[in-house]
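# What the coordinates show
The residues making up each chain are set out below.
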Amino acid sequence: MLLFARFFYLQVADGERLRCLALDQWTREIPVIAARGRITDRGGVVLADNRTAYSVYVRANAVKDARKAAEVLAGLLGEDEEELYERIAASRVSELTVARHIPREEAEQLEEYDLAGVYYAQDNVRVYPHGELLSRVLGFTSSDNAGLTGLEKYYDDYLAGEDGEIAYFADLVGAETGGGASYLPATDGMTLELTVDYGIQAVAEAAMQRLYAAYAPVTAQCIVLDPRNFEILAMAEAPSYDLNDVPRDDAELLNELSRNNLVSDIYEPGSTFKIVTAAANLEEYFKGNGNAFSPQHIFGSSRTRTVDGTTIRCWSDHRNGKHAQQTLAEALNNSCNPCFTDIALALGTQTFYEYLELFGFGKGTGIDFSGEAQGMLLPESAVRLCDLARIGFGQTVAVTAVQLACAAASAVNGGYYYRPRLVRSLASADGKVEEEFSSVLLNRTVSEQTSRLLAQMLEGVVAEGSGSRAYIEGYKVAGKTGTAQKFENGSIAQGKYVSSFIGFFPSDEPRYLALVIADEPQGAYYGSVVAAPAAKEIFEGIIEVKGIQPYE
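It should be emphasised that the depicted structure is a prediction, and the values quoted were computed from it without experimental measurement. By convention here, each chain's residues receive numbers from 1 onward along its written sequence. Totals for whole chains, interfaces and linings use all residues, but because this is a predicted model, local features are given only for residues with pLDDT of at least 70 and pairs of side-chain atoms are given and counted only at 80 or more. Values shown for side chains rest on all heavy atoms present in the structure; no hydrogens or waters enter the calculation.

As a further point, take the overall build of the chain. Here a strand is any run of E in DSSP of at least two residues, a helix any run of H or I of at least four, and the numbering for each starts at the N terminus. Secondary structure assignment for the chain yields 19 helices and 19 strands. Since a compact globule built from 552 residues should have a radius of gyration of about 24 Å, the 30 Å found for the chain marks it as more spread out than a globular shape. Dimensions of the chain, computed from the C-alpha atoms along their principal axes, are close to 95 × 65 × 50 Å. For each residue, the accessible area found with a 1.4 Å probe, counting protein chains only, is set against the maximum for its type, and the residue is called buried under 20%, exposed over 50%, and partly exposed in between. Put simply, the chain has 552 residues, and 53% of those count as buried. In the chain, of all internal contacts separated by at least 6 residues, the share reaching a separation of at least 24 is 72%. Note on areas: these come from Shrake-Rupley sampling with a 1.4 Å probe, and a residue is covered only by the protein chains present in the view. Looking at the chain as shown, the accessible area adds up to about 24900 Å², and 48% of this sits on carbon and sulfur atoms. Charge-centre separation for the chain: the mean point of 47 positive side chains lies 7 Å from the mean point of 76 negative side chains. Radius of gyration means the value over C-alpha atoms here, while the globule rule gives 2.2 Å times the residue count to the 0.38 power. Note on contacts: a residue pair qualifies if any of its non-hydrogen atoms lie within 4.5 Å across the two residues. Think of it this way: Lys and Arg go in the positive column, Asp and Glu in the negative one, and His and the chain ends go nowhere. To locate a charge, take atom NZ for lysine, CZ for arginine, CG for aspartate or CD for glutamate.

Buried residues of nine kinds, namely Ala, Val, Leu, Ile, Met, Phe, Trp, Tyr and Cys, make up a nonpolar core once their side-chain atoms join them within 4.5 Å. In terms of nonpolar packing, the biggest core is built from 94 residues, with Leu194 and Phe273 touching the most fellow members. Among the elements that take part in this core, helix H17 (residues 401-412) stands out by supplying ten residues, more than any other. With residues near it in sequence (within four places) discarded, phenylalanine 273 still touches Phe352, Leu356, Phe361, Ile391, Gly394, Val397, Val399 and Leu404. Judged by nonpolar contacts, the second largest core, of 35 residues, contains Ala220, Ala514, Ile538 and Ile548.

Let us look at the environment of isoleucine 548. With respect to the element layout, isoleucine 548 can be found in the segment after helix H19 (527-546). With 144 residues separating them in the primary sequence, isoleucine 548 and leucine 404 have C-alpha atoms 26 Å apart. Apart from the residues lying within four places of it in its own chain, the contact partners of isoleucine 548 are Tyr475, Phe505, Tyr512, Ile542 and Ile543.

So, on to the packing of helix H3 (residues 66-77) against helix H4 (residues 81-90). Two elements in contact, H3 and H4, have axes whose closest approach is 8 Å; the angle formed by their N-to-C orientations is 135 degrees. Between H3 and H4, the crossing angle belongs to the class labelled oblique. Viewed along their axes, H3 and H4 form a crossing whose handedness is right-handed. Contact with H3, carried on its side by Ala66, Arg67, Ala69, Ala70, Glu71, Leu73 and Ala74, involves Glu81, Glu82, Leu84, Tyr85 and Ile88 of H4 and no other residues of that element. Note on residue classes: Ala, Val, Leu, Ile, Met, Phe, Trp, Tyr, Cys and Pro are nonpolar, Asp, Glu, Lys and Arg are charged, and everything else, Gly too, is polar. Class assignment of the residues belonging to the contact of H3 with H4 gives a composition of eight nonpolar, no polar and four charged. Every axis in this analysis is a line fitted to C-alpha atoms, fitted for helices over the stretch in contact. Angles between the N-to-C directions lie between 0 and 180 degrees. Roughly parallel here means an angle under 35 degrees, roughly antiparallel means over 145, roughly perpendicular means 65 to 115, and every remaining angle is called oblique. Two helices crossing with the near one rotated counterclockwise from the far one by less than a right angle form a left-handed crossing, whereas a clockwise rotation gives a right-handed crossing.

For the rest of this paragraph, the subject is the sheet that holds strand S18 (residues 491-505). The rule for pairing is simple: two strands pair if DSSP sees at least two bridges between them. Read across the sheet, five strands follow the order S10-S9-S19-S18-S17 without closing on themselves; strand pairing throughout is antiparallel. Strand pairing shows two members of the sheet lacking a second neighbour, strand S10 (231-238) and strand S17 (478-488), which therefore form its edges. Each strand axis lies, on average, 15 degrees off the axis of its neighbour in the sheet, ignoring direction. As judged from the seven bridges shared by strand S9 (residues 219-226) and strand S19 (residues 512-519), these two strands associate in the antiparallel manner. Bridge assignment links valine 224 to a residue of S19, and that residue is alanine 514. Lying on the sheet, helix H9 (residues 198-215) is in contact with S9, S10 and S19; it crosses S10 at an angle near 30 degrees. Strands S9, S17, S18 and S19 of the sheet are contacted by H19, whose axis makes an angle of about 25 degrees with S18.

We define a salt bridge as a contact between a side-chain nitrogen of Lys or Arg and a carboxyl oxygen of Asp or Glu at a distance within 4 Å. Going through the model one piece at a time under the given rule, you end up with 24 salt bridges. A salt bridge links aspartate 265 to arginine 259, with the nearest nitrogen and oxygen atoms 2.5 Å apart. Assessed through its relative accessible area of 35%, arginine 259 is described here as partly exposed. Residues participating in the shared-partner salt-bridge network are Arg42, Glu193, Glu231, Arg421 and Arg424.

For the rest of this paragraph, the subject is the pairing of strand S5 (residues 118-127). For S5, the buried fraction is high: seven of the ten residues fall into the buried class. Summarising the sheet, strand S3 (residues 46-58) and S5 pair through ten bridges and their orientation is antiparallel. Paired with alanine 53 across the two strands is aspartate 123, which belongs to S5.

Our focus in this paragraph is the packing of aromatic side chains. Ring geometry is summarised as follows: Phe, Tyr and Trp rings, the Trp one being its six-membered ring, pair when their centres sit within 6.5 Å, and such pairs are stacked at plane angles under 30 degrees, edge-to-face over 60 and tilted between the two. The final tally for this structure, using the stated rule, is 13 aromatic pairs. Seen from their ring centres, tyrosine 54 and tyrosine 120 are 5.7 Å apart, and the 80 degrees between their planes marks the pair as edge-to-face. Note that tyrosine 54 is positioned in strand S3 and tyrosine 120 in strand S5, a separation of 66 residues in sequence. Residue class for tyrosine 54 comes out buried when judged on its relative accessible area of 8%. Among the aromatic residues, those joined into a ring-pair cluster are Tyr154, Tyr155 and Tyr158.

Let's shift gears to the side chain of glutamine 201. Mapped onto the elements, glutamine 201 comes out in helix H9. Beyond its immediate sequence surroundings of up to four residues, glutamine 201 is in contact with Leu133, Leu134, Val196, Leu233, Ala234, Met235 and Ala236.

A few words now on H19. A rise of 1.5 Å per residue sets the reference length of H19, with its 20 residues, at 28 Å; its end C-alpha atoms lie 27 Å apart and thus fit the reference within 8%. Residues Gly527, Ser528, Val530, Ala531, Ala532, Ala534, Ala535, Ile538, Phe539, Gly541, Ile542 and Ile543 constitute the buried set of H19. Of the surrounding secondary structure, the elements contacted by the buried residues of H19 are H9, S9, S17, S18 and S19. Just downstream of H19, glycine 547 is the residue with a positive phi angle, here 60 degrees. A helix's residues, less one, multiplied by 1.5 Å, set its expected span.

Right, let's get into the packing of helix H12 (residues 274-287) against helix H15 (residues 349-358). Interhelical geometry of H12 versus H15 gives an angle of 115 degrees and a closest axis separation of 10 Å. Here H12 runs over H15; the crossing is right-handed. On H15, the residues that touch Val276, Thr277, Ala280, Glu283, Glu284 and Lys287 of H12 are Thr351, Phe352, Tyr355 and Leu356. The residue inventory of the contact of H12 with H15, partitioned by class, reads five nonpolar, two polar and three charged.

In structure tokens, the structure reads:
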């Protein structure tokens, strides 16, 4: 009975594993490399593809003349003959990889020599048809086609596919025994269809390159999204780099160039944050909160506010050298800090923080990209009145670009906050769609009423306020400028600013929203001067690419 039980265990219970071990002992495999999945834009434009190449392998135990093999391989591949010979002669592994990604011509020449123990197999080289386009989003792969950064890394499990193999029968020392071979085909990786629009991406890239050339900032950045569902239509940064010529020998430069600052870096948003403060105030007013200010409320004419001993000043006099009384719409036009200080203090910490939570600050948006920062928001329990006052106009709070873009989109799209995304669908190599990603509504931020009124006010900012350099005749462009001083080591860094503009159109039914950021521009630093014209350029490009007719 013991013998029978052991027999049953070996033949049935553990039989499959033992058969696999036996097959592995008596066969040697040549890999069949799976083609990495393509990455395309939403219209099918290929952004990442493959070029066929070949890899060379040596099975040392099957080599009959190591010296000749080394001589031929060195001559064809440009390798050192003695080094190759030593590797082949002294090898204790069943298989050596001699060369990766050689052209077809060299593989065909190698085949003519018919060297025992020397093989080649088809491989793939990752190529990017548009070079620098979307470089910090797509990312790049390693020499063996594993995703290292960007979407190449985030979706690597889907893009990589599964390698196959050609198995040959061999003896215990690895020499072929004949008897033919078995073939296990590779399963190619899936195709990623992005939400990105190639035409809009090209427009955004060109605008950022021009901004970078004109003002020499550390970086010029732009994100364009659809406010109706938070699909990312473009992400552009300058400087960028050619994905076909990755500077792998300079780790510091490579890390700097491959970092997606729009997702991974935080900054003080400055006056662009006033969109959120204004939205919170209007929503509370329509809810009947007596502490909130009505759209018709006239804010005081004083140019300063003093809170906890801290003096907050407006950046400018508005009329004839005097700081004017103004409504909320005029405060947005003039980007008046004291007015938004009044709003934040009137709402109070608890209420204002409820809106900051709804608008997604202090936490990740959930975008499908690695390394997303959460921003920086003081704990509610630690907020002083002077902190609350500054948060009201975009200081003492740090955000990512994607956070701010999503918050602004929610404020003007009717109050709908979605999870932003970069990928629309996954399809198999034969084109069959395996998975589609639909919009995910996370929460409501404000009412339709608040959203419509705020959009109208922000249209006024572009038509007659600080955002006038983004105005386009015949189109309802709305937006808000921002100019924030940078802090370093806990104090203001003199002469260093972040200039920004966030805008959208058409204002009454937003379809395109763009956030432009210039980090430490030189020669000029106001968001109205540096960033707003770049946003206008992007909007004009979208109008041309999409054939959008002017408003009648």
